[in-house]
Amino acid sequence: MAIKVFKLVVLGLVVIMLTTRTTIGEQDCQKEKSLVKHVCEGSIKIRGPYVPPTAPCRRAVEALEASDMLCICRKFTHLDEITISMTKFVELARDCNKPLPAGTKCGSKYMMLLAFLVGNCCRHHQERNNNGSL
């Protein structure tokens, strides 16, 4: 009986560890992410060209630590990427003197995978059409 209870407790702890958003040692910057998304929406929205940050946006970003911008960048999900351009976010960080290190992974791995799959699909379709028209 005691072994079953122990196994249940261990299983519960494992589930909790796997489902929590922040891992040990990882910074939680959800509040900062929400602030930047709201105040800097005009600069990072996916539609239209990049717009330099407004004064309130610039003040909000400049008040953050450089590590906060890196954390925010990593916290973007595939749902965020429906409305937010990661390229524009990187440009915003640079414009506000909080440049992200070269090679920083910004956003969701799922969007990268989707872009890769769509790119390969389109390239394959184009090659097939080009070969068929020769």
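Residues numbered from 1 in each chain as written. Predicted model: local features only at pLDDT ≥ 70, side-chain atom pairs only at ≥ 80, totals over all residues. Heavy atoms only, no water.

Draft legend 1. Structural detail: the overall build of the protein. Along its length, the protein carries 7 helices and 0 strands. Along the protein, helices (α) and strands (β) appear in the sequence α-α-α-α-α-α-α when read from the amino end. A total of 134 residues make up the protein; the buried ones form 27% of that total. Of the contacts made within the protein by residues no fewer than 6 positions apart, 73% connect residues no fewer than 24 positions apart. As presented, the protein carries roughly 9700 Å² of accessible surface, and 64% of it is formed by carbon and sulfur atoms. (Helix = DSSP H or I, 4+ residues; strand = E, 2+ residues; numbered from the N terminus. Buried < 20%, exposed > 50% of the residue type's maximum accessible area, 1.4 Å probe, protein only. Contact = heavy atoms within 4.5 Å. Areas by Shrake-Rupley, 256 points an atom, 1.4 Å probe, with all protein chains shown as cover.)

Draft legend 2. Spotlight on the environment of tyrosine 50. Relative to the elements of secondary structure, tyrosine 50 occurs in the loop between α3 (41–44) and α4 (55–63). Judged by its relative accessible area of 19%, tyrosine 50 falls in the buried class. Taking the C-alpha atoms as reference, tyrosine 50 lies 8.3 Å from glutamate 91; in sequence the two are 41 residues apart. If we skip the residues at most four places from it in the chain, tyrosine 50 touches Ser43, Lys88, Glu91, Leu92 and Asp95. In this structure the side chain of tyrosine 50 is engaged in a polar contact, spanning 2.6 Å, whose partner is the side chain of aspartate 95. (Polar contact = N/O pair within 3.5 Å; in protein donor to acceptor, adjacent residues only side chain to side chain.)

Draft legend 3. Broad picture of the packing of helix α2 (residues 30–39) against α4. Where α2 meets α4, the closest approach of the two axes is 9 Å, and the angle between their N-to-C directions is 160 degrees. Classified by the angle between their axes, α2 and α4 sit roughly antiparallel to one another. Classified by chirality, the crossing of α4 by α2 is left-handed. Contacts from Leu35, Val36 and Val39 in α2 reach Pro56, Cys57, Ala60 and Val61 in α4. Taken together, the residues of the contact of α2 with α4 break down into 7 nonpolar, no polar and no charged. (Axes fitted to C-alpha atoms, helices over the stretch in contact; angles between N-to-C directions. Parallel < 35°, antiparallel > 145°, perpendicular 65-115°, else oblique. Left-handed = near helix turned anticlockwise from the far one by under 90°. Nonpolar A, V, L, I, M, F, W, Y, C, P; charged D, E, K, R; others polar.)

Draft legend 4. Region of interest: the nonpolar core. Judged by nonpolar contacts, the single largest core of 22 residues is most densely connected at Val36, Val61, Met69, Ile72, Phe89, Leu92 and Leu100. Put simply, the parts of the chain that give this core at least two residues each are α4, α5 (66–75) and α6 (86–95). When near neighbours in sequence (up to four residues on either side) are disregarded, isoleucine 72 contacts Cys29, Glu32, Lys33, Val36, Leu64 and Phe89. (Core = buried A, V, L, I, M, F, W, Y, C linked by side-chain atoms within 4.5 Å.)

Draft legend 5. Here's a closer look at the state of the cysteines. Evaluation of the coordinates by the stated rule reveals 3 disulfides. In this model cysteine 29 forms its disulfide with cysteine 71; the gap between the sulfur atoms is 2.1 Å. Its torsion about the S-S bond being -90 degrees, the disulfide of cysteine 29 and cysteine 71 is classed as left-handed. Here cysteine 29 is found in the loop between α1 (2–19) and α2, whereas its partner cysteine 71 is found in helix α5, with 42 residues between them in sequence. Note on cysteine 71: relative accessible area 9%, which makes it buried. Note that cysteine 40 is cross-linked by a disulfide to cysteine 57, the S-S spacing being 2.0 Å. (Disulfide = S-S within 2.5 Å.)

Draft legend 6. A look at the confidence of the model for the protein. The predicted model of the protein averages 77 in pLDDT, with 63% of residues at 70 or higher. Taken element by element, the predicted model of the protein shows its lowest mean pLDDT in helix α7 (residues 109–132) (52) and its highest in α3 (96). Per-residue pLDDT stays below 50 along residues 111–118; that stretch engages in 4 contacts with residues further than four places along the chain or on separate chains. (pLDDT = per-residue confidence, 0-100.)

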